[in-house]
Amino acid sequence: MGFLLHAHPGSPYVFGLAGVDHDVDFPEPMPVVGISRSAKGYCMISVLETMKTFSVEDGLTEEAIVTKLRTCCYHYLFLHMSLRHNSSGTSRWGEFGEGGLLWGECNGKRFEWFDGTPVNELLYKVRELYGIDQEATFRNVTVSSEKRPRPLYLGTATQIGAIPTEGIPSLLKVLLPSNCFGLPVLYIRDLLLNPPPYVIASAIQSTCKLMSNITCPVPEFTCISAAKLVKLLESKEANHIEFRRIKNVVDEISHMYGSSELSAILQMLLDPTWVATGLKIECKTLVKECELISHRIGEIVSLDGEKDHEISSFPNIPEDFFEDMESSWKGRVKRVHAEKAFAEVERAAEALSKAVTEDLLPIILRVKAVMSPLGGPKGEISYAREHEAVWFKGKRFAPSVWSGSHGEEQIKLLKPATDSKGRKVGEEWFTTSKVEDALNRYHEACAKAKAEVLELLRGLSAELQTEINVLVFSSMLLVIARALFLHVSEGRRRKWVFPTLVEFSKSSENESLEEINKMEIIGLSPYWFDAAQGNAIQNTVIMQSLFLLTGPNGGGKSSLLRSICAAALLGICGLMVPAESAIIPHFDSVMLHMKSYDSPADGKSSFQIEMSEIRSIITGASPRSLVLMDEICRGTEMAKGTCIAGSIVEILDHIGCLGIISTHLHGIFDLPLTRKNAVYKAMGTESADGHTKPTWKLIDGICRESLAFETALKEGIPEAIIRRAEELYHSINGRACSENDMKNGNLSPPDSGVNGFDEASDSLRRTSNGFTHVSDTLNPIEILQKEVENAVIIVCQRKLIDLYKKRSLSELAEVTCVMVRAREQPPPSTIGASSVYVLFRPDKKLYVGQTDDLVGRVRAHRSKEGMENATCLYVVVPGKSVASELETLLINQLPRQGFRLTNKADGKHRNFGTSNLSLESLTVHQ
């Protein structure tokens, strides 16, 4: 039996999924999008038919709208008639000025115009489009945008790789491990593109800090698409696999609530989940409902490890037959709910076996008794898979020929096998009336049992529809939890830090704007470099005003702007930043403008595109914004471009925002600029072997050296051209600028002190993992784990005491074993910390190892076949050399305690340390 795939606009739904034994990936739902204009700016309405929800984002800039359209896979796009006449006064939508960028994005794409009240009219069109009753209600999941930073502009998103862009290092890819994909990645991307309010950013950061320091194992964080979950329950097509995953979700919520360390994380995730779903649920209510859902699923659905669903097995009937007939419905629900149907299947299977044994087996025995080794007739009981039948298959067998011998009576009963339409199957297939009757009875019993199983599953889907909000909320909470857990793990590996996030509105009345409008980033690294590998140039950025930045080609201006932009954006999202410490204000917008290219399709030059982007930035900037512009006004005539750049510096200085404007237009320093706070900064250079080279370090002052000739020569421009260029340059300027021509700005740099860096240090403390309930009677696996744990504690503690006595350790460390069971992961606090671990293999052999990245090592072990649910225990120890000694010691000592190891030979390798602890001193306490 297959299932029917039915697709209708933009969203494929699978009917018949409840009866299949595998999962089906649903694509994320595509919304219907409507764009309109209002007094606040642009408005975007998104309607998800799958979820029966809609959201409204108002007050958006044109850049933000285009960014959202660029990153949203929408099914239908509707443009409101209010867009036809823009505020620039032009009568045709799409001419120069405001509206042109949106027109360029939509031009050539399929869209329809609509009129009337935007929300009501769009919902009417969605109901019409999907054939939904006009009375059907859609839930408003709009979260207030008050005090929320503006969505990321298109130019900013592309220039830091929040939107994949060729040639641009991707910020998104370095925030999570390389093997991470799916829903957690989508959440982080959406967080970057739509930074949260200060309260939510603080909650995200606090969650990450707790995750970074917990010592207990963390759940698997099962991720389910909320849209898939809603559609399957609504259509009553959730199968047993999906119910088990739903149970995992609600069980993990309950587990977090019951853990002393994880419960605080659960509490902090409630508000970020509200922002992501538009649903608000109290923690105790959430946990109570999750426990009820888990209990109900556990009552109906057969869980892994239950043994009351064995496939029928009888002699003389091929096993494949029973496997194919029963595997599509057995093992899905608990037998007690369909006991009569299951029992009837077993009786029918037994009757079929009896009929085959009585009618067909004597024929097989007779054929075998007289079968000629030279190619005589052959016969066997075979499974005709295409016809779902068990028949006698005889090669070169003619019933009329056989007579006068044992088995003749049965041979006379044979008749040609026929298909469901009564047509003869072939010359080799035979059956009897009794076998056919038994076969029909068995098929009817299986069909009835399967129907009862499907009815139970569909009934459970109907029951859980009343809990759909809890399930959507729970699934999204775990997606966020997994995304943040993976981010913290990767951030610790890269040696990133948590910034101090400052809220503007919390300043006191007598505190000046200059005192609160301050950003400090100490030891800033480019986000695309791995600081843990020590290959990045670090900079210190202390910013209380606007920087006017100069520097040579290849001096690092663009890299610095990208790095600052990424750090600020990560900070206001509550995430870790690539620095040694940081204080970041919760900006109301982070805007980065880099070089522009022309757009022939729109008939616009690169300078026109640049001016359009700068217009959006200037109109959206406030004293609480971060504005970063790289080499502005270089696409036009130098004198006028310099004056435009100077005027932009003045207006941004007057606004009072923080930011950097980098330029090669040195004439800007000769202009009579009116500025209050703008500071001159430069990318440093140094002289080495008679040549000027960049240092890629931010310094005070002005750099008039561009290193243009050196750069051109390095990139392969013929030397003759460079010599002639130098002659022409000297003829105009008299001499070339050098590092000695640096001029200091007239403003002193801000204080360089670091204030308020707040990152909790790791601590080793005894903890209970609390994930499984320990029964009074341990099974053999649990006994083995307990014995190994006792042995590890004794071996390691005595070795650490010995090292302390020899003064190899400054402090006596206490051995604390932590068990990481199936569907658990080590906490992020183990990343960067040396640990010794013991892995329990399915064959009851042990693997002993040591690592500074236990999360990655466990992931690598579990990626191997048969090791998916491997359990391990670990001990965090003071330093890699101690870990190596303990690893060798355990490899040598555990086999003497009767434990079997897979890597026993490693204990003899000199690089694994030495073993000097006597066996006689060890006693394992049972």
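**Focus: the overall build of the chain**
Right, so step 1: Scanning the chain from N- to C-terminus turns up 26 helices and 28 strands.
Right, so step 2: Going through the 926 residues of the chain one by one, you find that 52% of them count as buried.
Right, so step 3: Contacts in the chain between residues at least 24 apart in sequence constitute 73% of all its contacts with a sequence separation of at least 6.

**A closer look at the environment of Glu 350**
Right, so step 1: Residue position: Glu 350 is located in helix H13 (residues 339–359).
Right, so step 2: Separated by 38 residues in the primary sequence, Glu 350 and Ser 312 place their C-alpha atoms 8.7 Å from one another.

**Observations concerning helix H26 (residues 880–893)**
Right, so step 1: The end-to-end C-alpha distance of H26 is 20 Å, a good match for the 20 Å that 14 residues give at a rise of 1.5 Å each.
Right, so step 2: Burial analysis of H26 places 10 of its 14 residues in the buried class, the great majority of the element.
Right, so step 3: For H26, every residue scored as buried is listed here: Val 882, Ala 883, Ser 884, Leu 886, Glu 887, Thr 888, Leu 889, Leu 890, Ile 891 and Gln 893.
Right, so step 4: Tucked inside the fold, the buried residues of H26 contact helix H24 (780–805), strand S26 (831–840) and strand S27 (846–853).

**Things to note about the nonpolar core**
Side chains of nonpolar character tend, in soluble globular proteins, to be buried together.
Right, so step 1: Counting 172 residues, the largest nonpolar core has Ile 35, Leu 171, Leu 192, Phe 243, Phe 321, Met 519 and Leu 626 as its most contacted members.
Right, so step 2: The dominant element in this core, judged by the number of residues it contributes, is helix H17 (residues 468–493), at 15 residues.
Right, so step 3: Ignoring anything within four residues of it in the chain, the contact list for Leu 626 reads Met 519, Met 543, Ile 564, Ala 568, Phe 587, Ser 589, Val 590, Met 591, Leu 658 and Gly 659.
Right, so step 4: By size, the runner-up hydrophobic cluster in this structure holds 30 residues, among which are Ala 813, Val 836, Leu 846 and Leu 901.

**Some words on the pairing of strand S18 (residues 581–585)**
Right, so step 1: For S18, the buried fraction is high: 5 of the 5 residues fall into the buried class.
Right, so step 2: Alternating residues of S18 divide into Ser 581, Ile 583 and Pro 585 and Ala 582 and Ile 584, and every residue in both groups is buried.
Right, so step 3: Bridging between strand S14 (residues 500–502) and S18 involves 3 bridges; their strand directions are parallel. If you follow Leu 501 over to S18, its bridge partner there is Ile 584.
Right, so step 4: Both strand S15 (residues 519–524) and S18 contribute to a ladder of 3 bridges, which runs antiparallel. Bridging from a neighbouring strand, Glu 520 pairs with Ile 583 of S18.

**A few points about the environment of Phe 114**
Right, so step 1: Topologically, Phe 114 is positioned in strand S7 (residues 112–114).
Right, so step 2: Owing to a relative accessible area of 2%, Phe 114 belongs among the buried residues under this scheme.
Right, so step 3: If near-sequence neighbours (up to four positions away) are discounted, Phe 114 is found in contact with Gly 34, Ile 35, Phe 78, Leu 79, His 80, Met 81, Glu 121, Leu 122 and Lys 125.

**Section: the sheet that holds strand S19 (residues 589–593)**
Right, so step 1: As summarised here, the arrangement of the 6 strands in space is S19-S20-S21-S17-S22-S23, forming an open sheet in which the pairing is mixed. The open sheet terminates on both sides in strands that have one partner only, identified here as S19 and strand S23 (691–700). Averaged over all pairs of adjacent strands, the angle between their axes in this sheet comes to 20°, without regard to strand direction.
Right, so step 2: Two elements, S19 and strand S20 (residues 625–630), share 5 bridges in a ladder whose sense is parallel. In the sheet register, Leu 592 faces S20, and the bridge partner there is Leu 628.
Right, so step 3: Where helix H20 (residues 606–620) meets the sheet, its contacts fall on S19 and S20, and the angle it forms with S19 comes to roughly 160°.

**Digging into a nonpolar patch on the surface**
Right, so step 1: On the surface, Ile 801, Tyr 804 and Leu 812 cluster together to form a nonpolar patch covering roughly 260 Å² of accessible area.
Right, so step 2: Within the secondary structure, Ile 801 sits in helix H24.
Right, so step 3: Residue Ile 801 is classed as partly exposed on the basis of its relative accessible area of 32%.

**Here's the deal with the packing of aromatic side chains**
Right, so step 1: Under the defined criterion, the tally for this structure stands at 16 aromatic pairs.
Right, so step 2: Geometrically, the ring pair formed by Trp 329 and Phe 342 is edge-to-face, given 5.3 Å between the ring centres and 85° between the ring planes. Of this pair, Trp 329 sits in the loop between helix H12 (319–326) and H13 while Phe 342 sits in helix H13; the two residues are 13 residues apart in sequence, bridging distant segments of the chain. Just as Trp 329 is buried, Phe 342 falls in that class too.

**Examining the pattern of salt bridges**
Right, so step 1: For the coordinates displayed, the defined rule picks out 38 salt bridges.
Right, so step 2: A salt bridge links Lys 52 to Glu 49, with the nearest nitrogen and oxygen atoms 3.5 Å apart.
Right, so step 3: Glu 490 is the salt-bridge partner of Arg 493, the closest N and O atoms lying 2.9 Å from each other. On the criterion of helical spacing, the pair formed by Arg 493 and Glu 490 is a turn pair, its members being 3 residues apart in helix H17.
Right, so step 4: Taking the relative accessible area as the measure of exposure, Arg 493 reaches 31% and is therefore partly exposed.
Right, so step 5: For Glu 490, a relative accessible area of 8% translates into the label buried.
Right, so step 6: Because the salt bridges share partners, they merge into one network encompassing Glu 49, Lys 52, Lys 231 and Glu 234.

**Concerning helix H8 (residues 226–234)**
Right, so step 1: Extensive coverage of H8 is indicated by the burial of 8 of its 9 residues.
Right, so step 2: Along H8, the residues classified as buried are Ala 226, Ala 227, Lys 228, Leu 229, Val 230, Lys 231, Leu 232 and Leu 233.
Right, so step 3: Just downstream of H8 lies Lys 236, where phi reads positive at about 55°.

**Comments concerning the sheet that holds S15**
Right, so step 1: The strand order S14-S18-S15-S16 describes an open sheet built from 4 strands, whose pairing is mixed. A strand with exactly one partner marks an edge of an open sheet, and here the two such strands are S14 and strand S16 (539–543). Neighbour to neighbour, the strand axes of the sheet diverge by 15° on average, direction disregarded.
Right, so step 2: Judged from the 4 bridges that link them, S15 and S16 form a sheet pairing that is antiparallel.

**A closer look at the packing of helix H9 (residues 240–258) against H17**
Right, so step 1: Contact pair H9 / H17: the axes reach a minimum separation of 10 Å and the direction vectors enclose 70°. Considering the angle they form, H9 stands roughly perpendicular to H17. Only Leu 471, Ser 474, Ser 475, Leu 477 and Leu 478 of H17 make contact with H9, whose side of the interface consists of Ile 246, Val 249, Val 250, Glu 252, Ile 253 and Met 256.
Right, so step 2: Residue composition of the contact of H9 with H17, grouped by class: 8 nonpolar, 2 polar and 1 charged.

Cut-offs used in this document
Residues numbered from 1 in each chain as written. Predicted model: local features only at pLDDT ≥ 70, side-chain atom pairs only at ≥ 80, totals over all residues. Heavy atoms only, no water. Helix = DSSP H or I, 4+ residues; strand = E, 2+ residues; numbered from the N terminus. Buried < 20%, exposed > 50% of the residue type's maximum accessible area, 1.4 Å probe, protein only. Contact = heavy atoms within 4.5 Å. Expected span 1.5 Å × (residues − 1). Core = buried A, V, L, I, M, F, W, Y, C linked by side-chain atoms within 4.5 Å. Pairing = 2+ DSSP bridges. Axes fitted to C-alpha atoms, helices over the stretch in contact; angles between N-to-C directions. Patch = residues over 30% accessible without salt bridge, like charges linked within 9 Å, V, L, I, M, F, W, Y side chains within 5 Å. Areas by Shrake-Rupley, 256 points an atom, 1.4 Å probe, with all protein chains shown as cover. Salt bridge = Lys/Arg side-chain N within 4 Å of Asp/Glu carboxyl O. Phe/Tyr/Trp six-rings, centres within 6.5 Å; stacked < 30°, edge-to-face > 60°. Parallel < 35°, antiparallel > 145°, perpendicular 65-115°, else oblique. Nonpolar A, V, L, I, M, F, W, Y, C, P; charged D, E, K, R; others polar.

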